Amino acid sequence: MSSIEELSQKVSAAFADRAKLKESGYAEAVRETLALLDSGALRVAEKGAGGWKVNAWVKEAILLFFGISDMKVMEVGPFEFFDKIPLKKGLEAAGVRVVPPGVVRYGAHVERGAVVMPGYVNIGARVGAGTMVDTWATVGSCAQVGRDVHLSGGVGLGGVLEPPTASPVIIEDGAFIGSRCIVVEGVVVEEEAVLGANVVLTSSTPIIDVSGPEEKVYKGRVPARSVVIPGMKEKQFPAGRYMVPCALIIGQRKESTDKKTSLNSALRDFAVSV
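Now for a look at the structure at hand. Computed from a prediction, not measured in an experiment: that's the story for all the values here.

Observations regarding the overall build of the protein
Step number 1: The helix and strand tally for the protein stands at five helices and 26 strands.
Step number 2: A compact globule built from 274 residues would reach a C-alpha radius of gyration of about 19 Å, and the protein, at 20 Å, matches this within 12%.
Step number 3: A burial count over the protein gives 51% of its 274 residues as buried.
Step number 4: In the protein, once contacts between residues fewer than 6 apart in sequence are set aside, the share between residues at least 24 apart is 38%.
Step number 5: Accessible surface, the protein: about 13,400 Å² in total, of which carbon and sulfur atoms supply 53%.
Step number 6: Within the protein, one finds 31 positive and 31 negative side-chain charges whose respective centroids are separated by 2 Å.

Comments concerning the side chain of S226
Step number 1: Tracing the chain through its elements places S226 in strand β25 (residues 226–237).
Step number 2: Setting aside residues no more than four positions away along its own chain, S226 makes contact with A193, V194, I249, G251 and Q252.

Here we look at the sheet that holds strand β15 (residues 156–157)
Step number 1: Read across the sheet, six strands follow the order β6-β9-β12-β15-β18-β21 without closing on themselves; strand pairing throughout is parallel. Each of the sheet's edge strands pairs with one partner strand only, and the pair in question is β6 (103–104) and β21 (200–201).
Step number 2: Note that strand β9 (residues 120–121) and strand β12 (residues 138–139) share two bridges and pair parallel. Bridging across to β12, V121 finds its partner in V139.

As for the packing of helix α2 (residues 26–39) against helix α3 (residues 56–68)
Step number 1: One can describe the packing of α2 onto α3 by two numbers: an axis separation of 9 Å at closest approach and a directional angle of 115°. Relative to α3, the crossing made by α2 is left-handed. Counted together, A27, V30, R31, T33, L34 and L37 of α2 and W57, V58, A61, I62, L64, F65 and I68 of α3 form the full contact between these two elements.
Step number 2: Residue composition of the contact of α2 with α3, by class: eleven nonpolar, one polar and one charged.

Digging into the sheet that holds strand β5 (residues 97–98)
Step number 1: Strand order across the open sheet formed by ten strands is β5-β8-β11-β14-β17-β20-β25-β26-β22-β23, with mixed pairing between neighbours. In this open sheet, the two strands that pair with only one neighbour each are β5 and β23 (216–218).
Step number 2: The sheet contact formed by strand β14 (residues 150–151) and strand β17 (residues 176–177) spans two bridges and is parallel. The partner of H150 across the bridge, within β17, is F176.

Here we look at α2
Step number 1: In this model α2 runs 20 Å from its N-terminal to its C-terminal C-alpha over 14 residues, within 8% of the 20 Å that 1.5 Å per residue would give.
Step number 2: Most of α2 sits out of view: ten of its 14 residues are buried.
Step number 3: For α2, the full list of buried residues reads Y26, A27, A29, V30, E32, T33, L34, L36, L37 and D38.
Step number 4: After α2 finishes, the residue G40 shows a positive phi value of roughly 95°.

Thresholds, definitions, all that
- Residues numbered from 1 in each chain as written.
- Predicted model: local features only at pLDDT ≥ 70, side-chain atom pairs only at ≥ 80, totals over all residues.
- Heavy atoms only, no water.
- Helix = DSSP H or I, 4+ residues; strand = E, 2+ residues; numbered from the N terminus.
- Rg over C-alpha atoms; globule rule 2.2 N^0.38 Å.
- Buried < 20%, exposed > 50% of the residue type's maximum accessible area, 1.4 Å probe, protein only.
- Contact = heavy atoms within 4.5 Å.
- Areas by Shrake-Rupley, 256 points an atom, 1.4 Å probe, with all protein chains shown as cover.
- Lys, Arg positive; Asp, Glu negative; His and termini not counted.
- Charge placed at Lys NZ, Arg CZ, Asp CG, Glu CD.
- Pairing = 2+ DSSP bridges.
- Axes fitted to C-alpha atoms, helices over the stretch in contact; angles between N-to-C directions.
- Left-handed = near helix turned anticlockwise from the far one by under 90°.
- Nonpolar A, V, L, I, M, F, W, Y, C, P; charged D, E, K, R; others polar.
- Expected span 1.5 Å × (residues − 1).

Shown next as structure tokens:
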């Protein structure tokens, strides 16, 4: 088995010059990287002392994997698929519950104790232990979802493969994402934050803390333990003034509320529906 340094060097060299995939060791390095990603030994992004860091070469390996994989028919019971990327295997041994017709794609890693209802976890994504991916929730390519997170029904976490240096969507430990929320363009939802139903967050969405005497505006990041609901903000355009979407931080989760129950009760503390 190659070292991580050897794999990264070969993958990046092949990404810069695809002809190298025909040389000995380069395509094998791509496949080995995907196997490590699938097993959880590697990840697309990881949190360190300085914040989240993207392992761009791992994303390069995913992109190359599409190029060296062939389209083929895959039959799962009465279902038929025609694609380049197989479904994830070994779910029972991994201790991961996937409810039909939920799908976890090869190259994604789901930690023991997580549950995937009839939703979708794409290649390169990571889902932490104890997390619930609820019905029709989508974890896009390379999205990083922490432990004990709840992605409610219909949640959409955006995926990103190109450019390889682009930051993925990140949902940190203990966060609660309400029904039909959309989080895209590398937005980070920090630990134990709560998004109410239908919150839409892009990299340019104003996230406005209105819980104090003066507003405080964030973009691309929801601070830890914030309780967030959809909002509207007036903006001037050439044709006139119109209301545009934003998100409102209306308070913080209370320390006195048990984490297991606060996921649902946090919003109700502010008279907001989940």
